[in-house]
Amino acid sequence: MLKKIACLVFLCIASTLWSQEKITIAWDVSLSMEHRNTEKEFQFLNNYFTKYPNVKARVILFNGIQSNQEDFSIENGNWQAIRTKLSQVIYDGGTGYQKLITVWLDGTTFLFTDGMENIEEDLPPMGKQLYVINSASKKNLKNLQFLALSNKGRFVDLSPPPQWGDSQKEKVQGYIYGLDVPMDAITIRVKDTKVRTSPDDAGNFEIQAVPGDVVVFEAVGVQPIERIVTPSRTLNVWMEYDGIELGEVFLKKKKKKKEGSEKVITSNKKQQKRAVGYGMTTVNSEDFNQAAVTISEAVLGRLSGLRGTQLETSVIRGRNSLVENNYPLIILDDVPLPIGESTDFINPVTIASVTVLKGFAATTIYGSEASGGAIVLKTKMSVEREKAEAREREAKEFLSRYDNVDLLAPAYSTNYLSDLENTASLDGAYSLYLKQRKAHLEKEPAFAIDLFDFFATRNTRMAKTIGYNILEMHGNDLSAMRTMLFKAREKHFFDMELHFAKALIVSFPDRIQSYLDLAMAQKSNGNYQAALDILLGVTTGDIRPNLDFNPLRKMADQEIRNLISQHKESLETSKIEATHLSKEPLEARLVFDWSAWESDFEFVFISPDGHYTQWNHTMAEPERLKEELDLGYSQEEFEIAGGDKGKWKVIVKYLGSRSQKNIPEYIRCTIQYNFGKENERTEEHMIHFFEEGSEYLAFSLETHSG
């Protein structure tokens, strides 16, 4: 039956195949072709050589980055040498057709491929007649048909027909990040269909859908969220309660204050209210009688347990001695005033709080003079001074941790890398990799990234081949894709950077970061006008009017300024704004770019005078994380301008991952020293996040401004 099908297919096209003297067999050896049906393809070729037994054949083995060819003379239909060659190929790397530049232009070309193109370049001329042939069940049918029609060729499908009842839908996967939203309360459905599902307890879900479908996420008390399925078939969604809807009543949720968490001022320190151990009342300045002239008037009627109109002569309830003084001890900024002395000299505007203490325990703080109780007044100046002193103590303690933070990251290794390091030759290492990938590549994107790093300093071709397997196997894994984007740029493989940037646009068209990544990749490849056009489209929003580019506009503006200052002569600048023609001088411009939204980390900026600022990328900043997830960006810019002369340090601390999966986590640091000045220079390096709690010196900078 198999032979009859192949014969029928062949006879259908034989009428257009005159006795050809030359044919080209272009054999796709990318990783996705590993599961091709060679039996059907060989039957097709056998039928051809039976019909035309004496021809010259050129066999080209190709993937997206390389090709090699060998010529054969077929006599009397004997094509065994070609069959043997095709049976022994190694499948590896991404899919692309730009390396097919040696086909015989005066002959017929048989292009055997699955159409799963992920390295997009123009297809070279394919000879007089092109036949696009596929035998793989997993294929890109639209691309196969386009390859044939755009070259006035024919498409031959040798793949098995779909079984009756097979679903045309594919799985869409994702994760729901929720704040106080129970997963069992969430329903996920494909809009205008009956397809629905629910996430598991961890928030993971799968649903049958295709690109273009709208998936709706719903839960009681949460506004429904709609997401369009993109080619990546990955949807990550943030859901949180704004409140609880009960009929027509909407109750905003309030954070419950932990019992005993309220702090009060006693003597010269703050203590938990519950820990004081005696009756007390505090009134703060915002609750004072704002029209009062004296402090007594300011708190009149606002301190329970206090009888009298003047603080200094008032009586604290529970105190009524016939032999001892009943007046309270007044404490002003830790200084006791003479008992009974007027407090009218105290300006209520300067007071931050007034606290009344009663009970025997008060005397343990202020002694026997407080036998009539105590009234503690804290001035605003005193409170601010205490805060400043506390901040200074905390800063010294905090900064002492970073005196010896090293530039070197913790040593990273895996068993498979250790085994590769022990191989005696490059070919031996590659052979070992082929064995290792069976166990690691499909489940561990980090495997391809680690092996890319390993081979990058040994053999560029091998490194690229392995790196492109991310496109073949993990094209819907955003973290893996962006990591390879970073890695390609780090190794100065700029063509590879551009391929990954283009693939990110295809797989993640609704992420605003994809457009900035593409602009930077175009710049790396010397396509300055293309980069400028994209950046201008980001600043105006015209590149994708339905997306909100606000978080990236400042960065796009700065990159336009970089382009204009470096390549103005080769650019069409009629659409730029006047502000793009000059740069505001800075000591440094810092751009941090992370591969995984799920990474938790913090930056610590330490100035020359010992002050520091922290910036967190954690669930402590939920609004920021929600915006990143909704709009699709993972980048932040900082500026150092002026300040004290001396050394700045920027520390990065990795706090862990929110992902349920083992994903690659990297951060790219770009520093433009002396931004906008004659001696401007740029430095880039990457940090690998893999050890929770690890700290890195991202960079240090010596400033010269006074």
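Residues numbered from 1 in each chain as written. Predicted model: local features only at pLDDT ≥ 70, side-chain atom pairs only at ≥ 80, totals over all residues. Heavy atoms only, no water.

Q: How do you make sense of the packing of helix α14 (residues 478-490) against helix α16 (residues 512-524) when you look at a structure like this?
A: In a packed pair of helices, the relevant descriptors are the angle between the two axes and the axis-to-axis distance. α16 packs onto α14 with a crossing angle of 20° between their chain directions and a minimal axis gap of 12 Å. Relative to α16, the element α14 is oriented roughly parallel. In terms of crossing hand, the pair formed by α14 and α16 is left-handed. Note on element contacts: α16 touches α14 through Q513, D517, M520 and S524, opposite R482, L485 and R489. Here the contact of α14 with α16 is composed, by residue class, of 2 nonpolar, 2 polar and 3 charged. (Axes fitted to C-alpha atoms, helices over the stretch in contact; angles between N-to-C directions. Helix = DSSP H or I, 4+ residues; strand = E, 2+ residues; numbered from the N terminus. Parallel < 35°, antiparallel > 145°, perpendicular 65-115°, else oblique. Left-handed = near helix turned anticlockwise from the far one by under 90°. Contact = heavy atoms within 4.5 Å. Nonpolar A, V, L, I, M, F, W, Y, C, P; charged D, E, K, R; others polar.)

Q: Sorry, what's going on with the environment of F110 here?
A: Of note, F110 is situated in strand β4 (residues 108-112). Residues F110 and Q129, 19 residues apart in the sequence, show an inter-C-alpha distance of 8.6 Å.

Q: It is not clear to me how the packing of aromatic side chains should be interpreted in this structure. Could you clarify?
A: Two aromatic rings, taken as a pair, are described by how far apart their centres are and by the angle between their planes. Counting across every chain of the model gives 39 aromatic pairs. Between the aromatic rings of Y430 and F455, the centroid separation amounts to 6.4 Å while the plane-to-plane angle is 75°, which identifies the pairing as edge-to-face. Here the residue Y430 occupies a position in helix α10 (residues 426-440), and F455 occupies one in helix α11 (residues 445-456), the gap between them amounting to 25 residues. Across this residue pair, the class does not change: Y430 and F455 are buried. By the ring-pair criterion, three or more aromatic residues cluster together here, those being W27, F42, F44, Y48, F49, Y52, W79, F110, F112 and Y131. Lying over the aromatic face of F493, K464 brings its terminal NZ or CZ to 5.2 Å of the ring centre. The ring of Y673 has R681 sitting right over it, with the charged end atom 4.0 Å from the ring centre. (Phe/Tyr/Trp six-rings, centres within 6.5 Å; stacked < 30°, edge-to-face > 60°. Buried < 20%, exposed > 50% of the residue type's maximum accessible area, 1.4 Å probe, protein only. Lys NZ or Arg CZ within 6 Å of the ring centre and 35° of its normal.)

Q: Just to check I follow, could you spell out the nonpolar core for this structure?
A: Across soluble globular proteins, nonpolar side chains show a tendency to be buried alongside one another. Among the nonpolar cores identified, the biggest contains 66 residues, and Y433, L451, F455, I470, M496 and F500 are the most heavily contacted of them. Counting residues per element, this core draws most heavily on α11, which supplies 8 residues. Sequence-distant contacts of M496, defined by excluding residues within four places in its chain, comprise F452, K464, G467, Y468, M484 and A488. If you look at the next biggest cluster of nonpolar residues, it comprises 28 residues, including F44, Y48, F110 and F112. (Core = buried A, V, L, I, M, F, W, Y, C linked by side-chain atoms within 4.5 Å.)

Q: How should the packing of α10 against α11 be read in this particular structure?
A: Between α10 and α11, the shortest axis-to-axis distance is 11 Å and the interhelical angle comes to 175°. Classified by the angle between their axes, α10 and α11 sit roughly antiparallel to one another. Of the residues in α11, those touching α10 at L426, A429, Y430, Y433, Q436, R437 and H440 are F447, L451, F454 and F455. Taken together, the residues that form the contact of α10 with α11 break down as 8 nonpolar, 2 polar and 1 charged.

Q: Looking at this model, I keep getting lost on the sheet that holds strand β11 (residues 214-219). Mind explaining?
A: As a general point, the strands of a sheet are linked pairwise by backbone hydrogen bonds and lie either parallel or antiparallel. Taken in spatial order, the 4 strands make up an open sheet running β9-β8-β11-β12, and their pairing is antiparallel. Only two strands of the sheet have a single partner each, and these edge strands are β9 (196-197) and β12 (222-228). When β11 meets β12, the two strands line up antiparallel, connected through 5 bridges. Each residue of the ladder has a partner; that of A219, found in β12, is V222. (Pairing = 2+ DSSP bridges.)

Q: How should the pattern of salt bridges be read in this particular structure?
A: A side chain with one charge can pair with a side chain of the opposite charge if their charged atoms come near. This model, assessed by the stated rule, comprises 36 salt bridges. The closest approach of N and O atoms between D630 and R227, which form a salt bridge, is 3.0 Å. Residue D630 is located in helix α19 (residues 622-631), and its partner R227 is located in strand β12; the two are separated by 403 residues in the primary sequence. Classification of D630 by relative accessible area gives partly exposed; the value is 28%. Owing to a relative accessible area of 22%, R227 belongs among the partly exposed residues under this scheme. Linking K387 and E384 is a salt bridge whose minimum nitrogen-to-oxygen distance equals 3.7 Å. Highlighted residues: K387 and E384, both in helix α8 (residues 380-399), separated by 3 residues, approximately one helical turn. For K387, a relative accessible area of 39% puts it in the partly exposed group. Residue E384 is classed as partly exposed on the basis of its relative accessible area of 44%. Among the charged side chains, a network of salt bridges with common partners joins D453, K487, E490 and K491. (Salt bridge = Lys/Arg side-chain N within 4 Å of Asp/Glu carboxyl O.)

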